Amino acid sequence: MSGVRAIAGFGRTVADLAVTEDFYRDALGFTRIAPPEPLPAAQADAMGLADRRATQLRMRLGHQTVTFLALDPPGAPYPADPAATDPFFQHLAIPVRSMDAAMAQLASRHPTPISRGGPQVLPAASGGVTAYKFRDPDGHPLELIYFPDGAPAARWRDAPGLFLGIDHSAITVTDLDAALAFLTGPLGLAVAQRGLNRGPEQARLDGVDDPQVDVIALEPPVSAPHVELLHYRVPATKRRLTFGPADQVSTRYVLSAGDPLALSQRLSDAGWAPRASADGAAVSCAGPDRHGFLFVQA
């Protein structure tokens, strides 16, 4: 019972909370949970941010929550010319009721596209979904996704509105075995689905020439939303960054755990370097490609 139970939310470090709120509200239908407020002390401690003024803005889409974090002094800006193959890539996948209507609303905010040529209909071997990738004002990637049928469509059928929630968050990883060992070992997530995506539709979706990408879905005990791994066999990434939670490129999964301190010990035993808050209420750890994981009390 000390392990991960569910994805409780997601986190992104941003430059300006007001700009972020305007974009996510007007373009994507997010609503504010509370006004900007100090980051809880335990989380700031666990993330190594106690020496900065950390202000969070919590927003909701459906039943899922994203916490946007602004820091004073700020960290490094988002890297220039990012690509889907960069190991700091982490998107939020937002299922939509209608791709045409969602794209019309999104267009009013003129986001930077990742996908080439608009939404792409992937072949049945890649899920048969219609998807489109773009970036928020800081550069963080997002994906709109329309499920035509099957279990994913059924999961979101009763959700209200045009933008239905957050289905999953995908991270690009350079070492698939290491990422799987981290997520299925001490974290205890289960592999739910594996696939290899390729072809012209995937190339246009990712904005990458001739990709071959392993797509692996992993589920916590409470399976929605879930984690998705993107491992590009080709083209291989050549960019490596050292960054921390203060830098704008930083993102994180927020995971609920029965006993964060016990989970911290499991991570340490597996060779990772978690950081626990003084009161044991929160633990943070960077994964194999520096993706952030914040564990809070279930």
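Provided above is the structure to which this section pertains.
Numbers given to residues run from 1 along each chain, matching the order in which its sequence is written. Residues qualify for local features only when their pLDDT is at least 70, as the model is predicted, and side-chain atom pairs are given and counted only at 80 or more; totals for whole chains, interfaces and linings, by contrast, use all residues. By convention in this description, side-chain values take in all heavy atoms of the structure and omit both hydrogens and water.

Draft legend 1. Expanded view of the pairing of strand β10 (residues 141-146). Burial within β10 is extensive, with five of its six residues counted as buried. Strand pairing is assigned whenever DSSP identifies at least 2 bridges connecting the two strands. In this text, helices come from DSSP runs of H or I with a minimum length of four residues, and strands from runs of E with a minimum of two, each type numbered from the N-terminal end. Pairing of strand β9 (residues 130-135) with β10 involves six bridges; the strand directions are antiparallel. Bridge pairing in β10 places Thr130 opposite Tyr146. Here β9 hands over to β10 after five residues, with Gly139 in that stretch at a positive phi of 115°. Buried residues are those whose accessible area, probed at 1.4 Å on protein chains only, stays under 20% of the maximum for their type, while exposed residues exceed 50% and partly exposed ones sit between those limits.

Draft legend 2. How the structure looks around empty space enclosed by the protein. Grid points spaced at 1 Å over the protein atoms alone were grouped into cavities, where a 1.4 Å probe fits but cannot get out, and pockets, open sets with protein on both sides within 12 Å along at least five of seven lines, with lining residues defined by an atom within 4 Å of a point. Grid points are joined across faces, edges and corners, and a volume is the space filled by probe spheres set on the points. Under the criterion given, the structure shown has one cavity of 30 Å³ or more. By volume, the largest cavity amounts to about 40 Å³. Together, Ile171, Val173, Ala179, Phe182, Leu183, Leu229, Gly287, Pro288, Asp289, His291 and Phe293 line the largest cavity. Of the residues forming the lining of the largest cavity, the biggest block, three residues, is contributed by helix α5 (residues 176-184). Under the scheme applied, nonpolar residues are Ala, Val, Leu, Ile, Met, Phe, Trp, Tyr, Cys and Pro; charged residues are Asp, Glu, Lys and Arg; polar residues are all the others, including Gly. Residue composition of the lining of the largest cavity, grouped by class: eight nonpolar, two polar and one charged.

Draft legend 3. Examining unusual backbone geometry more closely. Here Asp72 and Pro73 are connected by a cis peptide whose omega angle stands at 0°. Residue position: Pro73 is located in the loop between β5 (64-72) and β6 (90-95). In the segment running from Val234 into Pro235, the intervening peptide bond is cis, with an omega of -10°. Structurally, the position occupied by Pro235 is in the loop between β14 (226-234) and β15 (251-257). Phi is positive for Asp210, which is not a glycine, with a value near 50°. Along the chain, Asp210 falls in the loop between α6 (200-206) and β13 (212-219). In this structure, Arg290 takes a positive phi of about 75° despite not being glycine. You can see Arg290 is positioned in the loop between β17 (282-286) and β18 (292-297).

Draft legend 4. Region of the structure containing the nonpolar core. Remark: nonpolar core denotes a set of buried residues (Ala, Val, Leu, Ile, Met, Phe, Trp, Tyr, Cys) joined through side-chain atoms within 4.5 Å. Counting residues in each nonpolar core, the largest one holds 50 residues, and the members touching the most others are Leu28, Phe30, Leu144, Leu183, Leu187, Leu229 and Phe295. Between two residues, a contact is recorded if the distance between any of their heavy atoms is within 4.5 Å. Ignoring anything within four residues of it in the chain, the contact list for Phe295 reads Val4, Leu187, Leu255, Pro260, Leu263, Leu267, Ala281, Ala282, Val283 and Cys285. Counting 14 residues, the second-largest nonpolar core is a separate cluster that includes Ala42, Ala54, Val254 and Val296.

Draft legend 5. Spatial organisation of the pattern of salt bridges. The term salt bridge refers to a pairing of a side-chain nitrogen on Lys or Arg with a carboxyl oxygen on Asp or Glu at a separation within 4 Å. Enumeration over the complete set of coordinates arrives at 12 salt bridges. Between Glu21 and Arg32 there is a salt bridge whose closest N-O contact spans 2.9 Å. On the criterion of sequence distance, the pair formed by Glu21 in helix α1 (residues 17-28) and Arg32 in strand β2 (residues 31-32) is long-range, its members being 11 residues apart. Put simply, Arg155 and Asp167 hold a salt bridge, and the shortest N to O gap is 2.6 Å. One end of the pair, Arg155, is in helix α4 (residues 150-156); the other, Asp167, is in the loop between α4 and β11 (168-172), and 12 residues separate them in sequence. Taking the relative accessible area as the measure of exposure, Arg155 reaches 41% and is therefore partly exposed.

Draft legend 6. Representation of α1. Between the first and last C-alpha of α1 there are 16 Å, a value that for 12 residues agrees with the 16 Å anticipated at 1.5 Å per step. Taken residue by residue, α1 has Leu17, Thr20, Glu21, Phe23, Tyr24, Ala27 and Leu28 as its buried positions. Pairs of N or O atoms within 3.5 Å make up the polar contacts considered here, provided that, within protein, one atom can donate a hydrogen while the other can accept it, and that residues adjacent in sequence are counted only when both atoms are side-chain atoms. For α1, the N-terminal capping position is held by Asp16, with its side-chain oxygen 2.9 Å away from the main-chain nitrogen of Ala18. Gly29, located one to two residues past α1, shows a positive phi value of around 80°. One less than the number of residues in a helix, times 1.5 Å, gives the span that helix is expected to have.

Draft legend 7. Spotlight on the side chain of Ser284. Within the element layout of this structure, Ser284 appears in strand β17. The class of Ser284 is buried, set by a relative accessible area of 14%. A polar contact of 2.5 Å, which involves the side chain of Ser284, links it to the backbone oxygen of Ala46. Filtering out sequence-adjacent residues up to four positions away, Ser284 remains in contact with Ala46, Met47, Pro274, Arg275, Phe293 and Leu294.

Draft legend 8. Focus on the layout of surface pockets. Space inside the largest pocket adds up to approximately 760 Å³. Going through the elements one at a time, β9, β10, α4, β12 (190-198), α6, β13 and β14 are the ones with two or more residues in the lining of the largest pocket. With five residues, the top contributor of residues to the lining of the largest pocket is β12. Grouping the amino acids of the lining of the largest pocket by side-chain chemistry returns 15 nonpolar, 11 polar and eight charged.

Draft legend 9. Structural view of the packing of aromatic side chains. Stacked, edge-to-face and tilted labels apply to pairs of Phe, Tyr and Trp rings (six-membered ring for Trp) whose centres lie within 6.5 Å, assigned for plane angles under 30 degrees, over 60, and everything in between, in that order. On inspection of all chains with the given rule, the structure shows nine aromatic pairs. Judged by centre distance (5.5 Å) and plane angle (80°), the ring pair of Phe23 and Tyr24 falls under edge-to-face. Tyr24 carries the same exposure label as Phe23, and that label is buried. Centroid distance Tyr24 to Phe68: 4.6 Å. Interplanar angle 50°. Geometry classified as tilted. Here the residue Tyr24 occupies a position in helix α1, and Phe68 occupies one in strand β5, the gap between them amounting to 44 residues. The same class applies to Tyr24 as to Phe68, namely buried. These aromatic residues form a ring-pair network of at least three members: Phe10, Phe182, Tyr253, Trp272 and Phe293.

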